[in-house]
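Read off the chains here:
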Amino acid sequence: MPIWVFMVRYDGEMACSTHLTEKGAILTAIEDVLQYLGIEDDEDAKKVFNHNDGWRSVNPPGEAKDENEPPEWDIGKMQKMNRDQLYGVFGEWCEKTWDHHIYECEIMKTMVTG
């Protein structure tokens, strides 16, 4: 029987959770990444997603800074998404953790044997 495992390493500590559905594993992973990034509302999502990790562009006076709409952050809304949509959301938020070096996560498919 296939199961999906969400694995996370944060500040040297490892944890994992097992899921009977791939969608459950993805939702858990997204929720963990959002918690790590400190995203609790739309304002947090926009702030984190539009932060350029120190490489902020300098705009001429009076010119607005370009802001991109962040991926979905509301777990309730994500529960209505399909697997492919969720992997897209997961990938976009995970990208914001790549330079942190203290946080890593992954979803793996494995089999229960007996």
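Being a predicted model, the structure only gives us computed values, none of them experimental.

Caption draft 1: Structural detail: the side chain of Glu22. Tracing the backbone through its elements, the reader meets Glu22 in helix H1 (residues 22–37). On the accessibility criterion, Glu22 (17% relative accessible area) is buried. Of the polar contacts made by the side chain of Glu22, one reaches the side chain of Tyr87; its length is 2.8 Å.

Caption draft 2: Geometry of H1. Compared with the 22 Å implied by 1.5 Å per residue over 16 residues, the 23 Å span of H1 between its first and last C-alpha is a close match. Three or more residues of H1 are buried, namely Glu22, Gly24, Ala25, Ile26, Leu27, Ala29, Ile30, Val33, Leu34 and Leu37. In the core, the buried residues of H1 are packed alongside strand S1 (2–10), strand S2 (13–19), helix H2 (42–50), helix H3 (75–78), helix H4 (83–95) and strand S3 (103–111). Positioned one or two residues after H1, Gly38 has a phi angle of 80°, which is positive.

Caption draft 3: Broad picture of the packing of aromatic side chains. Throughout the structure, instances matching the rule amount to four aromatic pairs. Centroid distance Tyr10 to Tyr103: 6.4 Å. Interplanar angle 65°. Geometry classified as edge-to-face. With Tyr10 in strand S1 and Tyr103 in strand S3, this residue pair connects regions lying 93 residues apart in the sequence. Look at Tyr103 and you get buried, because its relative accessible area is 4%. Here the aromatic residues Tyr10, Tyr36 and Tyr103 are joined through ring pairs into a cluster of three or more. A cation over an aromatic ring shows up here: Lys96 above the ring of Phe49, its NZ or CZ 4.9 Å from the ring centre.

Caption draft 4: The nonpolar core, seen in detail. Among the nonpolar cores identified, the biggest contains 25 residues, and Ile30, Val33, Met78, Phe90, Trp93, Cys105 and Ile107 are the most heavily contacted of them. Elements with a minimum of two residues in this core: S1, H1, H2, H4 and S3. Considering each element in turn, this core owes the most residues, eight residues, to H1. Residues in contact with Ile107, not counting those within four places in the same chain, are Trp4, Val5, Phe6, Ala25, Ile26, Ala29, Tyr87 and Phe90.

The rules behind each value
Residues numbered from 1 in each chain as written. Predicted model: local features only at pLDDT ≥ 70, side-chain atom pairs only at ≥ 80, totals over all residues. Heavy atoms only, no water. Helix = DSSP H or I, 4+ residues; strand = E, 2+ residues; numbered from the N terminus. Buried < 20%, exposed > 50% of the residue type's maximum accessible area, 1.4 Å probe, protein only. Polar contact = N/O pair within 3.5 Å; in protein donor to acceptor, adjacent residues only side chain to side chain. Expected span 1.5 Å × (residues − 1). Contact = heavy atoms within 4.5 Å. Phe/Tyr/Trp six-rings, centres within 6.5 Å; stacked < 30°, edge-to-face > 60°. Lys NZ or Arg CZ within 6 Å of the ring centre and 35° of its normal. Core = buried A, V, L, I, M, F, W, Y, C linked by side-chain atoms within 4.5 Å.

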